[in-house]
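# Coordinate inspection notes
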Amino acid sequence: MLTGKHVVLGVTGGIAAYKACEVVSRLRKLHAGVDVIMTENATKLVAPLTFETLSNRPVAVDTFSRIESWDVKHISLAQKADVFVVAPATANLMAKLAHGIADDMLSTTLLATKAPILLAPAMNTGMWTAPATQANLETLLSRGVHTVGPASGMLACGDNGAGRMSEPEEIVEAIVKLLTAKQDLAGKKVLVTAGPTVERIDPVRYLTNDSSGKMGYAIAQAALDRGAEVTIVSGPVHIAAPVGAKVLPVQSTMDLYHTMLENAPLQDVVIQAAAPADYRVENPADQKIKKQDGESLVLTLVENPDVAKAVGQQKRPGQVLVGFAAETQQVTENAKKKLAKKNLDMIVANDVTAEGAGFGVDTNIVTLITHDELKPLPKMTKRQVGDRILDEALRLLQQKAE
Ligand code: CTP
């Protein structure tokens, strides 16, 4: 599975260092080449000979010992890596990497590498939650460093909380994902809309739609992982945006409309997973509306523009537009009508009443409808749905380029 791939594994002096042995052994079983670099402290927990035996390669410890076949060791290992993993990654290692400190073999090689970096943090809960560690983590994530874990549970120090290194199996899974990720959207610009919009009634009240933003964010994450340049136009949601995406926040459907008319023409693929409110309050009140002693409150709602339709009207040749159809009945028929009306290339039909589909959950059941095909998909995670939508969008993009 990983034949021809090379993993450089840094092992720091965390008590979880012994678990790194299993990471090496599992990687070897998948036929990856593995070079291990240990910090001085790690060698006090696990003997380098253990890693040498498991990896069948010499283990590097400090910058000054000489191993003949390596040119300038830290540079050659940095270049050789297809992925650079540090497991366990201590707070100290993370701090050094975040600040560019290179004072031993591991930190020097890590600083020099251009390979994707994966950290498996392991430390005491207090250290993990310390503002300094969290700020370092944020810096590293913003530079595209990947992490796996830490998990929560009983720690070696007796504390219970976040900080335990992920299990070797999970770490290897994350490595495999990084090594096998297809970059088929490299150089492509993908815009995803996500979440609901909100329409003000007065300063303390609003109308909105059911939408967690999970579907749109999952598509954005999938597009990022496949190398696309990703923009998310997002209504208010309670989930974190994927690292590396440009986020344009919007509130009302009118905001969404203006943001989309400006940004959609710059994209290769536009996927509209947002649930914009179809109506807005005609005259939102400037001050909080007071109760009128038993009298009904009448709000006049006026129709919002159909954003997808407006984006469809200005579609550039070669551009691929994808919409969603949230339906509760006659799903396919209604979706097909929207495909035509909004000048879309594909519509993702979604029966929001089906179990395991729709709002708030992590799975979805959809049918991908293009002008020439109808593909019902089984229940899958929103991330998997995202990948299937992108596969299809890429196919349409290539078809248009022919
Ligand atoms: N959409 C939009 N602007 C709106 C409403 C919807 O751009 N004012 C987009 C959604 O992002 C989605 C698609 O249009 O990609 C279909 O949304 P949906 O709510 O299913 O359909 P509507 O067009 O609002 O039709 P209806 O409410 O009559 O089902």
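## Focus: the pattern of salt bridges
Taken as a whole and judged by the stated rule, the model has 22 salt bridges. A salt bridge links R226 to D184, with the nearest nitrogen and oxygen atoms 2.8 Å apart. You can see R226 sitting in the loop between α10 (214–225) and β11 (229–234) and its partner D184 sitting in the loop between α9 (168–180) and β8 (189–194), a full 42 residues away along the chain. We classify R226 as buried; its relative accessible area is 3%.

## Describing the side chain of T259
As for its placement among the helices and strands, T259 is situated in helix α11 (residues 253–263). Taking relative accessible area as the criterion, T259 reaches 17% and is therefore assigned buried. T259 has contacts with V233, L248 and V250, leaving out every residue within four places of it along the chain.

## Here's the deal with helix α1 (residues 17–29)
Along α1, the residues classified as buried are A17, K19, A20, C21, V23, V24 and L27. Residues of α1 that are buried sit in contact with β1 (6–11), β2 (33–38), α2 (42–45), α3 (48–55), β3 (83–89) and α9. One or two positions beyond α1, positive phi appears at H31, with a value near 75°.

## Brief notes about the sheet that holds strand β19 (residues 366–370)
If you walk across this open sheet you meet the 8 strands as β12-β11-β8-β13-β16-β17-β19-β20, and the pairing is mixed. Edge positions in the sheet fall to β12 (246–249) and β20 (374–376), since each has one partner strand and no second. On average, each strand axis in the sheet is inclined to that of its neighbour by 15°, with strand direction left out of account. In terms of strand pairing, β8 meets β11 through 6 bridges, oriented parallel. Residue pairing in the sheet places K189 in a bridge with E229 of β11. Where α10 meets the sheet, it contacts β8, β11, β13 (269–272) and β16 (320–327), and its direction lies at approximately 165° from that of β8. Across the sheet, helix α13 (residues 331–341) touches β16, β17 (346–351), β19 and β20, and the angle it forms with β17 is around 150°.

## Structural notes on the site of the ligand
Lining the immediate surroundings of the ligand are 14 residues, of which Q272, A308, F324, K338 and K342 lie closest. A distance of 2.6 Å separates an oxygen atom of the ligand from a polar backbone atom of A308. Interatomic distance of 3.0 Å between a backbone N/O atom of A326 and an oxygen atom of the ligand. Look at the ligand: alone it shows 560 Å² of surface, and the protein chains cover 77% of it. Secondary-structure elements contributing two or more residues to the shell around the ligand are α12 (307–313) and β16. When residues of the shell around the ligand are assigned to their parent elements, the largest contribution, 4 residues, is made by β16. Here the residues of the shell around the ligand are counted per class, giving 8 nonpolar, 2 polar and 4 charged.

## Focus on unusual backbone geometry
Of note, the bond from A87 into P88 is cis; its omega dihedral lies within 30 degrees of zero at -5°. You can see P88 is positioned in strand β3. Of note, the bond from G149 into P150 is cis; its omega dihedral lies within 30 degrees of zero at 5°. Although it is not a glycine, D293 sits at a positive phi angle of roughly 40°. By secondary structure assignment, the location of D293 is in the loop between β14 (279–281) and β15 (301–303). Classification of D293 as exposed rests on a relative accessible area of 80%.

Parameters and conventions
Counting from 1, residues in each chain are numbered in the order their sequence is written. This being a predicted model, a pLDDT of at least 70 is required before a residue's local features are given, and a value of 80 or more before pairs of side-chain atoms are given or counted; all residues contribute to the totals for chains, interfaces and linings. Derived side-chain values reflect all non-hydrogen atoms in the structure, with water molecules and hydrogen atoms excluded from consideration. For this document, the term salt bridge refers to a Lys or Arg side-chain nitrogen within 4 Å of an Asp or Glu carboxyl oxygen. Think of it this way: any DSSP run of H or I at least four residues long counts as a helix, any run of E at least two long counts as a strand, and we number them from the N terminus. Relative accessibility under 20% of the residue-type maximum defines a buried residue, over 50% an exposed one, and the middle range a partly exposed one, all with a 1.4 Å probe and only protein chains included. Contact definition: two residues touch when any of their heavy atoms are within 4.5 Å. For two strands to pair, DSSP has to find at least two bridges joining them. Here, axes are lines fitted to C-alpha atoms. For helices the fit covers the stretch in contact, and angles between N-to-C directions go from 0 to 180 degrees. Being near a molecule or strand, for a residue, means having at least one of its heavy atoms within 4 Å of it. Residues adjacent in sequence count toward polar contacts only when both atoms are side-chain atoms; beyond that, a polar contact is any pair of N or O atoms within 3.5 Å, and within protein one must be able to donate a hydrogen and the other to accept it. For accessible areas, the Shrake-Rupley method is used with a probe of radius 1.4 Å. Any residue's cover is judged against the shown protein chains and nothing else. Gly is put with the polar residues, along with every residue not named as nonpolar or charged; the nonpolar set is Ala, Val, Leu, Ile, Met, Phe, Trp, Tyr, Cys and Pro, and the charged set is Asp, Glu, Lys and Arg.

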